[in-house]
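Survey of secondary and tertiary structure
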Amino acid sequence: MNAIETVNLTKVYKNFTAVNSLNLKIPDKTIFGMLGPNGAGKTTTIKMLTCLIQPTSGGATVGGYDIQKNPNEVRRLLGMVPQQVSLYKDLTVMENSQLCADYYGINPDERDSRIEDLMELVDIKYAKDKLISQLSGGQKQKASLVASLVHRPKILFLDEPTIGLDPTTKRILWDLIRELNDDGHTIILCSHDMHEVDMLCDNVGIINTGNLVAYDTPQGLKDSLLESNKKEISDTLSQISSESDVSKSTKEDVDNLSLRKMSFLLKSNNEDVINSLRLNPHVKSIEIAHNGRINIRIDYFDDDALNSILDTVIKSDGVIKSVSTEEPSLEDVFIKATSEVVEDDRA
Amino acid sequence: MIELKKFGWMIKKELISLKRHPVRLVSIIAFPIIMILLFGYGMGGDMTDLPIVVVSQSDGNLTDLTLDTIKSSETYHVVKVMDDQVKAEKMVDDGEVKAAIIMPKDYDDTNSSNQKAVTLYLDSSDQMASQILDSSTQAMFYRLSNMAATTSVTAVNENSTATPSLSHQLNNFKDSISLHINRIYGNIKYIDFLVPAILGMTIMMSCMMGMGATIAGERETGELARLFMTPTSVSTVIGGKIAAKLLIELVRALILILMAIILFHVSIKGGIFQTFIVLVFGALCFVGFGIMLSARTQTQEDYAQIVMPFSMPMMFISGVFYPIETMPWILQKLAYVFPLTYLNDAMRGVMLKGQTLGDVWFDLVILVGYTLLFFIIGVKRFNRDV
């Protein structure tokens, strides 16, 4: 079952199409990462899904309810933690949570105990009588979470929840997001932190200029970029090889085009390891960086290269401290996906 | 029941905010006091104790009577009584005093048939003071002439040696000062005229400005978005805001009324309760106006820009400071479009004329009409888009 399903969801402001026929399915009880550059249409999409604005055309269901026909049912299912903490600054954490609970019509008998439980869950109970204006950024986000979860929403929107937070608080919030998801909440995470999205999300959708330009698991997106890169390289190579006159410099460029980097750091560099690596046919070039790291270039299409190189190092009595390979990141996927549309638009 | 609870939360929230921000609480009390002090003393106060010198060059009963009258008047502060006219005029020229009242040498000569030419040597560069001195001095000497004439006519009748021309002149003089003023609502001073409208204007300003801060401000900070994401209707949210605002404004109105009574001894002929009710009508109307204007305003700054073109003309054209009838015809027409005009009219009716709410029904109906209009447009235009 899908927690959210949009069908040709469109929002047009005068002459500007903010969201263009968006078709999106977010499975129930998953964490969905909504990515997109600024002004891509993410906020407009969220506003439509949270019933703050009406779509111009198309529609959507949230938890099975139509956003236009049953907005109040939809609102009951939703929770929202906005980027800018929107609690009343003059009220305490407790008062803000009570206000939200009463606005959702929570039974007064269980209201306060429910709030206390949530405060314990997010670890903010110690500051329950503090004014929002007296809290740190992380504490505010936690207070915002309590207020957003007080009505036990099935679907929780998190808009840049960790922006501006220190790494420790970030990790605490990440753990909390996972816990909430384990408890059965569907989470829609809007973030520009690619590492955060990569680590937390089951599925990722990239929106650009009002269109969904990519949708898959984070690994699926990265794999498809790798495949796409390979295809691009092989297309370029076959195009170049069909040309009769290839100069020397162009030949070098062509060779470099199909190479990717791997690097590792040994406990101690010895000549035997370096010499053995130079003899390995999978190694196209080798250089020792000033920090002692060994940078090697291997063929993009050579699937056996990594195994062979590591085998050579181990057989030469090299002790590997760290190893890294040049793989596409989610950030690469994001840049690629959003730049393609920009280029298409310009064309 | 749930909606009532939501309603109540808005009031509770505003009151908690006020309690936790003593500065805001002080401003609620201080604002009406400052307004009434500024406008009351600055524009509506009587001009008294204007410094003058008196040149007295004769002795006698009339001179004594004149000096006593001048000294006992609140308008003048007699710096010096002297007999040197040149010196007195120099004091005026030097700006030491606002005027010199110069009585001639034959001022007390009852046998002289010449008209007694008293001179008011006036510093006319101070327009306001000179107008007051001009009219007050004229009034005073008419009164004195009348008293002198009565005495002289009696003397003429008793003494056949008096010339017929002098008798005739004095009689004419006496007739010419026969002034009858019929003040149907008593002796209303400018401050009396001003205070009801200042009350109305203060309520207008605070309701319109305050509503913008509440709606546009919460829209800007996202607090309103959180409320609109809950299963709550726009009218419940707005209704709660209005109830909270109204409560605060009514406290302000009460302070205003009390300040007007304490500071300016303004008598409220229609009673405090009726005045209060009229202010409630006004407050509702202007809260509605604020809602309407803030319905689609995204920031507080935007709201301030939008509200100014409405509030400023209303302040000056709705008969707060000057009667509408004295304005150019186009402004008069415009004045009758502004709700503040009707609030002022009702306030003056109740406070000055002692009218009842029934007597000012027309003004109240117009205010209710505007209130409904503003609320309907406000709620219709209001969107949840924050």
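Per chain, the residues get numbers from 1 upward, laid out in the order the sequence is written. Chains carry letters and ligands carry numbers; both start at the beginning, A for chains and 1 for ligands, and go up in the order they are written. The predicted nature of this model means local features are confined to residues of pLDDT at least 70 and side-chain atom pairs, given and counted, to a pLDDT of 80 or more, with totals for whole chains, interfaces and linings taken over all residues. Side-chain numbers here rest on the full set of heavy atoms in the structure, without hydrogens or water.

**A look at the overall build of chain A**
- Looking only at helices and strands, chain A features 12 helices and 14 strands.
- Classification of residues uses two cut-offs on accessible area relative to the type maximum, computed with a 1.4 Å probe and protein chains only: under 20% is buried, over 50% is exposed, and between them is partly exposed. Counting all 347 residues of chain A, 49% fall into the buried class.
- Within chain A, residue pairs in contact and separated by at least 24 positions form 67% of the contacts whose partners lie at least 6 positions apart.
- All accessible areas in this document rest on Shrake-Rupley with a 1.4 Å probe, and a residue is counted as covered only by the protein chains that are shown. When the accessible surface of chain A is split by element, carbon and sulfur atoms take 46% of a total near 16,800 Å². The helix count covers DSSP runs of H or I at least four residues long, the strand count covers runs of E at least two residues long, and both are numbered beginning at the N terminus. Here, residues are in contact when the closest pair of their heavy atoms is within 4.5 Å.

**A look at the overall build of chain B**
- Of the regular secondary structure elements, chain B holds 14 helices and 4 strands.
- The buried share among the 386 residues of chain B stands at 48%.
- In chain B, the share of contacts with a sequence separation of at least 24, taken over all contacts with a separation of at least 6, comes to 77%.

**Here we look at the interface of chain B and chain A**
- With 29 residues of chain B in contact, the opposing surface of chain A contributes 33 residues.
- Buried area is understood as the total, over both parts, of accessible area removed when two parts are fitted together, assessed with a 1.4 Å probe. Across the chain B/chain A interface, buried area totals approximately 2,800 Å², and carbon plus sulfur atoms make up 58% of it.
- For chain B, the biggest contributors to the area lost against chain A are Trp9(B), Arg226(B) and Met229(B); these three give 29% of the whole.
- The term polar contact refers here to a pair of N or O atoms within 3.5 Å; inside protein, the definition further demands a hydrogen-donor-capable atom paired with an acceptor-capable atom, and it admits residues adjacent in sequence only when both atoms are side-chain atoms. Applying the counting criterion to the chain B and chain A interface returns 11 residue pairs in polar contact (both at pLDDT 80 or more).
- When residues of the side of chain B that touches chain A are traced back to their parent elements, those giving at least two are α1 (2-20), α7 (190-221), α8 (223-228) and α9 (234-264) of chain B.
- No other element matches the 9 residues that α1(B) contributes to the side of chain B that touches chain A.

**Comments concerning the packing of aromatic side chains**
Residues and elements named next belong to chain B.
- When the centres of two rings from Phe, Tyr and Trp lie within 6.5 Å, Trp using its six-membered ring, the rings pair. Their planes under 30 degrees apart give stacked, over 60 give edge-to-face, and anything left gives tilted. The tally for this structure, following the rule as stated, stands at 7 aromatic pairs over all chains.
- Ring geometry for tyrosine 370 and phenylalanine 374: centres 5.5 Å apart, planes at 25°, overall stacked. Taken together, the residues span about one helical turn, with tyrosine 370 and phenylalanine 374 both in helix α14 (residues 361-381) at a distance of 4 residues. Like phenylalanine 374, tyrosine 370 is buried.
- Within the aromatic cluster, the residues linked to one another by ring pairs are Phe289, Phe310, Tyr370 and Phe374.
- For a ring to carry a charge above it, either NZ of a lysine or CZ of an arginine must fall within 6 Å of the ring centroid while also lying within 35 degrees of the normal to the ring plane. Here the guanidinium or amino end of lysine 12 rests over the ring plane of tryptophan 9, the centre of that ring lying 4.3 Å away.

**Focus on the side chain of Ser56(B)**
Residues and elements named next belong to chain B.
- For serine 56, the location among the structural elements is in the loop between β1 (50-55) and α3 (61-72).
- Owing to a relative accessible area of 15%, serine 56 belongs among the buried residues under this scheme.
- Setting aside chain neighbours within four positions, we find serine 56 in contact with Thr63, Leu67, Val81, Met82, Asp83 and Met103.

**What about the sheet that holds strand β5 (residues 65-66) of chain A?**
Residue and element names in this part refer to chain A.
- Should DSSP find at least two bridges between two strands, the strands are taken to pair. Across the sheet, which stays open at both edges, the 4 strands sit in the order β2-β1-β4-β5 with antiparallel pairing between neighbours. Pairing within the sheet leaves two strands with one partner each, and these edge strands are β2 (16-27) and β5.
- In terms of strand pairing, strand β4 (residues 57-62) meets β5 through 2 bridges, oriented antiparallel. The residue bridging threonine 61 from the neighbouring strand is aspartate 66, located in β5.
- The convention used is that axes are lines fitted to C-alpha atoms, helices contributing only their stretch in contact, and that angles between N-to-C directions extend from 0 to 180 degrees. Each of β1 (2-13), β2 and β4 is contacted by helix α1 (residues 42-49), which is oriented at about 115° to β1, the strand it contacts most.

**A word on the nonpolar core**
- We define the nonpolar core as a collection of buried residues of types Ala, Val, Leu, Ile, Met, Phe, Trp, Tyr and Cys that are connected through side-chain atoms lying within 4.5 Å of one another. If you look at the biggest cluster of nonpolar residues, it comprises 108 residues, and the most contacted ones within it are Phe157(A), Met208(B) and Phe286(B).
- Here this core takes 15 residues from α7(B), the largest share from any one element.
- The residues contacting Phe286(B), other than those within four sequence positions of it, are Met204(B), Cys207(B), Met208(B), Met314(B), Pro339(B), Leu340(B) and Leu343(B).
- Leu118(A), Ala143(A), Val146(A) and Val204(A) belong to the second-largest nonpolar core, a separate cluster that totals 48 residues.

**Quick look at helix α5 (residues 137-149) of chain A**
- With 13 residues, α5(A) extends 18 Å between its outermost C-alpha atoms, agreeing within 8% with the 18 Å of an ideal straight helix rising 1.5 Å per residue.
- Burial runs high along α5(A): 11 of the 13 residues are buried.
- Buried residues along α5(A) sit against β6 (78-81), α3 (93-103), α4 (108-122), β7 (155-159) and α6 (167-182) of chain A together with α8 of chain B. One fewer than the residue count of a helix, multiplied by 1.5 Å, yields its expected span.

**Concerning the layout of surface pockets**
Residues and elements named next belong to chain B.
- Its volume calculated, the second largest pocket comes out at about 710 Å³.
- Secondary-structure elements contributing two or more residues to the lining of the second largest pocket are α1, α2 (22-44), α7 and α9.
- Sorting elements by how many residues they give to the lining of the second largest pocket places α7 first, with 9 residues.
- Taken together, the residues that form the lining of the second largest pocket break down as 9 nonpolar, 9 polar and 10 charged. As defined here, a cavity is a set of points on a 1 Å grid over the protein atoms alone where a 1.4 Å probe fits but cannot get out. A pocket is an open set with protein on both sides within 12 Å along at least five of seven lines, and residues line them when an atom is within 4 Å of a point. Grid points are joined across faces, edges and corners, and a volume is the space filled by probe spheres set on the points. Only Asp, Glu, Lys and Arg are considered charged in this grouping, and only Ala, Val, Leu, Ile, Met, Phe, Trp, Tyr, Cys and Pro are considered nonpolar; every other residue, Gly among them, is considered polar.

**Let's talk about the pairing of β7(A)**
All names here are of chain A.
- The buried fraction of β7 is high, at 5 of 5 residues.
- Every second residue of β7 is oriented toward a common face, with Ile155, Phe157 and Asp159 on one face and Leu156 and Leu158 on the other, all of them buried.
- Two strands pair when backbone bridges link them, and β6 and β7 are joined in this way by 4 bridges, in the parallel orientation. When the bridges of β7 are listed, glycine 79 appears paired with leucine 156.

**A short note on the sheet that holds β7(A)**
Residue and element names in this part refer to chain A.
- With mixed pairing, the 6 strands of this open sheet are ordered in space as β6-β7-β8-β3-β9-β10. Looking along the sheet, the strands with just one partner apiece sit at the ends: β6 and β10 (211-216). Across the sheet, the mean angle separating the axes of adjacent strands is 20° when strand polarity is ignored.
- Pairing of strand β9 (residues 203-208) with β10 involves 5 bridges; the strand directions are antiparallel. Bridge pairing in β10 links valine 204 to aspartate 216.
- Most of the contacts of α6 go to strand β8 (residues 186-190), to which it runs at about 150°, and overall it touches β3 (31-35), β7 and β8.

**Structural notes on the confidence of the model for chain A**
- The predictor rates its confidence in each residue with pLDDT, a number between 0 and 100. Predicted confidence across chain A gives a mean pLDDT of 86, with 92% of residues reaching 70 or more.
- Long-range and interchain partners of residues 342-347 of chain A, a stretch whose pLDDT sits below 50, account for 2 contacts in this model, where long-range means more than four residues apart.

**Some words on the side chain of Lys142(A)**
Residues and elements named next belong to chain A.
- Along the chain, the position of lysine 142 falls in helix α5.
- We count Lys and Arg on the positive side and Asp and Glu on the negative side, and we leave His and both chain ends out. Any Lys or Arg side-chain nitrogen found within 4 Å of a carboxyl oxygen on Asp or Glu counts as a salt bridge. At 4.3 Å, aspartate 123 is the nearest oppositely charged side chain to lysine 142, a buried residue that forms no salt bridge.
- When residues no more than four places from it in sequence are discounted, the contact partners of lysine 142 are Val122, Asp123, Ile124 and Ile172.

**Examining the environment of Val287(B)**
- Relative to the assigned elements, Val287(B) resides in helix α10 (residues 272-294).
- Residues Val287(B) and Met211(B) lie 76 residues apart in sequence; the distance between their C-alpha atoms is 6.3 Å.

**Some thoughts on the pattern of salt bridges**
- In this structure the tally under the stated criterion is 18 salt bridges over all chains.
- Among the ionic pairs, Lys5(B) bridges to Asp102(A), the shortest N-O distance being 3.8 Å. Within this pair, whereas Lys5(B) is found in helix α1, its partner Asp102(A) is found in helix α3, the two belonging to separate chains.
- Given the relative accessible area of 3%, Asp102(A) is considered buried.
- Residues Arg111(A) and Asp112(A) are paired through a salt bridge, measuring 3.0 Å at the closest nitrogen-oxygen approach.

**Section: the environment of Gln68(A)**
Residues and elements named next belong to chain A.
- Summarising the element assignment, glutamine 68 is placed in the loop between β5 and α2 (71-77).
- A relative accessible area of 35% places glutamine 68 in the partly exposed class.
- In this structure the C-alpha to C-alpha distance between glutamine 68 and proline 55, which are 13 residues apart in sequence, comes to 8.4 Å.
- Ignoring sequence-local partners within four residues, the contact set of glutamine 68 consists of Gln54, Pro55, Gly58 and Gly59.
- Of the polar contacts made by the side chain of glutamine 68, one reaches the backbone oxygen of glycine 58; its length is 3.4 Å.

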